[in-house]
Amino acid sequence: DSGVTQTPKHLITATGQRVTLRCSPRSGDLSVYWYQQSLDQGLQFLIQYYNGEERAKGNILERFSAQQFPDLHSELNLSSLELGDSALYFCASSASIRGGEETQYFGPGTRLLVL
Amino acid sequence: GDSVTQMEGPVTLSEEAFLTINCTYTATGYPSLFWYVQYPGEGLQLLLKATKADDKGSNKGFEATYRKETTSFHLEKGSVQVSDSAVYFCALYGGSQGNLIFGKGTKLSVKP
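Residues numbered from 1 in each chain as written. Chains lettered and ligands numbered in written order. Predicted model: local features only at pLDDT ≥ 70, side-chain atom pairs only at ≥ 80, totals over all residues. Heavy atoms only, no water.

J.: Tell me what's going on with the pairing of strand β3 (residues 19-24) of chain A, and back it up with residues and numbers.
T.: Residue and element names in this part refer to chain A. Alternating residues of β3 divide into Val19, Leu21 and Cys23, all buried, and Thr20, Arg22 and Ser24, none buried. Summarising the sheet, strand β1 (residues 5-7) and β3 pair through three bridges and their orientation is antiparallel. The residue bridging Thr5 from the neighbouring strand is Ser24, located in β3. For β3 and strand β8 (residues 74-78), the ladder comprises five bridges, and the chain directions are antiparallel. Within β8, the residue paired with Arg22 across the bridge is Glu75. (Buried < 20%, exposed > 50% of the residue type's maximum accessible area, 1.4 Å probe, protein only. Helix = DSSP H or I, 4+ residues; strand = E, 2+ residues; numbered from the N terminus. Pairing = 2+ DSSP bridges.)

J.: I'd like a rundown of the pairing of strand β11 (residues 110-114) of chain A, residues and numbers included.
T.: Residue and element names in this part refer to chain A. Only one face of β11 is buried, namely the one carrying Thr110, Leu112 and Val114, since none of Arg111 and Leu113 on the opposite face is buried. When strand β2 (residues 10-13) meets β11, the two strands line up parallel, connected through four bridges. Residue pairing for β11: Leu11 is matched across the bridge by Leu112. Relative to β11, strand β9 (residues 87-94) runs antiparallel, the two sharing three bridges. Bridge assignment links Tyr89 to a residue of β11, and that residue is Thr110.

J.: I'd love a proper account of the sheet that holds strand β8 (residues 62-65) of chain B, names of residues and values included.
T.: Residues and elements named next belong to chain B. One open sheet accounts for four strands, arranged β3-β9-β8-β7; its pairing is antiparallel. Looking at strand neighbours, the two that pair on one side only are β3 (19-21) and β7 (56-59), the edges of this open sheet. With strand direction ignored, the average angle separating the axes of adjacent strands in the sheet is 15°. Two strands pair when backbone bridges link them, and β7 and β8 are joined in this way by four bridges, in the antiparallel orientation. Within β8, the residue paired with Asn59 across the bridge is Phe62. (Axes fitted to C-alpha atoms, helices over the stretch in contact; angles between N-to-C directions.)

J.: So what's going on with the state of the cysteines? Which residues, and what values?
T.: All told, the structure shown has two disulfides over all chains when counted by the stated rule. The residue that forms a disulfide with Cys23 of chain A is Cys91 of chain A, at a sulfur-sulfur distance of 1.8 Å. In this structure the cystine formed by Cys23 of chain A and Cys91 of chain A twists about its S-S bond by roughly -50°; its chirality is therefore left-handed. Taken as a pair, Cys23 of chain A in strand β3 and Cys91 of chain A in strand β9 lie far apart in primary sequence, 68 residues in all. Classification of Cys23 of chain A by relative accessible area gives buried; the value is 0%. Residue pairing for Cys23 of chain B: its cysteine sulfur links by disulfide to Cys90 of chain B, the two sulfurs lying 1.9 Å apart. The sign of the -70° torsion about the S-S bond sets the Cys23 of chain B-Cys90 of chain B disulfide as left-handed. Taken as a pair, Cys23 of chain B in strand β4 (residues 23-26) and Cys90 of chain B in strand β10 (residues 86-93) lie far apart in primary sequence, 67 residues in all. The exposure classification of Cys23 of chain B matches that of Cys90 of chain B, with both residues buried. (Disulfide = S-S within 2.5 Å.)

J.: Explain the packing of aromatic side chains residue by residue, including any values.
T.: A full pass over the atoms with the stated rule returns twelve aromatic pairs over all chains. Consider the rings of Tyr35 of chain A and Phe106 of chain A, whose centres lie 5.3 Å apart with planes at 35°: the pair is tilted. In this pair, Tyr35 of chain A is assigned in strand β4 (residues 31-38) and Phe106 of chain A in strand β10 (residues 105-106), connecting sequence segments 71 residues apart. Judged by its relative accessible area of 3%, Phe106 of chain A falls in the buried class. Ring plane angle 40° and centroid distance 5.6 Å describe the contact between Phe62 of chain B and Tyr88 of chain B, whose orientation is recorded as tilted. (Phe/Tyr/Trp six-rings, centres within 6.5 Å; stacked < 30°, edge-to-face > 60°.)

J.: Describe in detail the interface of chain A and chain B, supporting the description with residues and values.
T.: Taken together, the 20 residues of chain A in the interface contact 15 residues of chain B. A buried area of about 1,400 Å², summed over both sides, lies between chain A and chain B, and 55% of it is on carbon and sulfur atoms. Counting across the interface, chain A meets chain B through zero salt bridges. Where chain A packs against chain B, one counts three residue pairs in polar contact (both at pLDDT 80 or more). Of all the secondary structure elements, the ones that give two or more residues to the side of chain A that touches chain B are β4, β5 (42-50) and β9 of chain A. Each residue belonging to the side of chain A that touches chain B can be placed in one class, and the counts come to eight nonpolar, eight polar and four charged. (Contact = heavy atoms within 4.5 Å. Buried area = accessible area lost by both parts, 1.4 Å probe. Salt bridge = Lys/Arg side-chain N within 4 Å of Asp/Glu carboxyl O. Polar contact = N/O pair within 3.5 Å; in protein donor to acceptor, adjacent residues only side chain to side chain. Nonpolar A, V, L, I, M, F, W, Y, C, P; charged D, E, K, R; others polar.)

Rendered as structure tokens:
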């Protein structure tokens, strides 16, 4: 158990809809990262937040947005969903801002299926 | 841009066989290199890492050496077990982008 929790575990929705994925980082970790894992694209970094502020952006679509709240939990909002958004979405956390040099702890993921 | 290339899987081995999973990278500067493992139905876990050239990372019998001259970080284990069945991801940090860059992953199946 990494200490990172994600809800829900599974989500099934229709094209055009909007969903929110939630992540609670390990106790004491200030950075939260979101990743998308799909068969064709592999594991891709989406976005990082550090202590409530956006820190780094990767291949995140404009239809997607995220935020980190004062209690450090984070939400990833996916809107105008398309079939190709079906994937496993992981959240990870680390203690400081430089989460590449230190260990990132991954949650179990949310599996999104868009029909 | 920065990238990581891993050998394609799946890799199927018998228990106690020797394992090598190749990983090469392209990056500016001197990145840190990682191997992450994903067991079925779980998130990724850090397996080992190396932060500078010639460093050897090791954990649970797995080893990888940071080779700057060949831009490689191959994962090895002398004797695999059924419990090692998982997907292994090579990753780098510290090139031109400020985040982890992952390879596509290599699925390992170990048969008893």
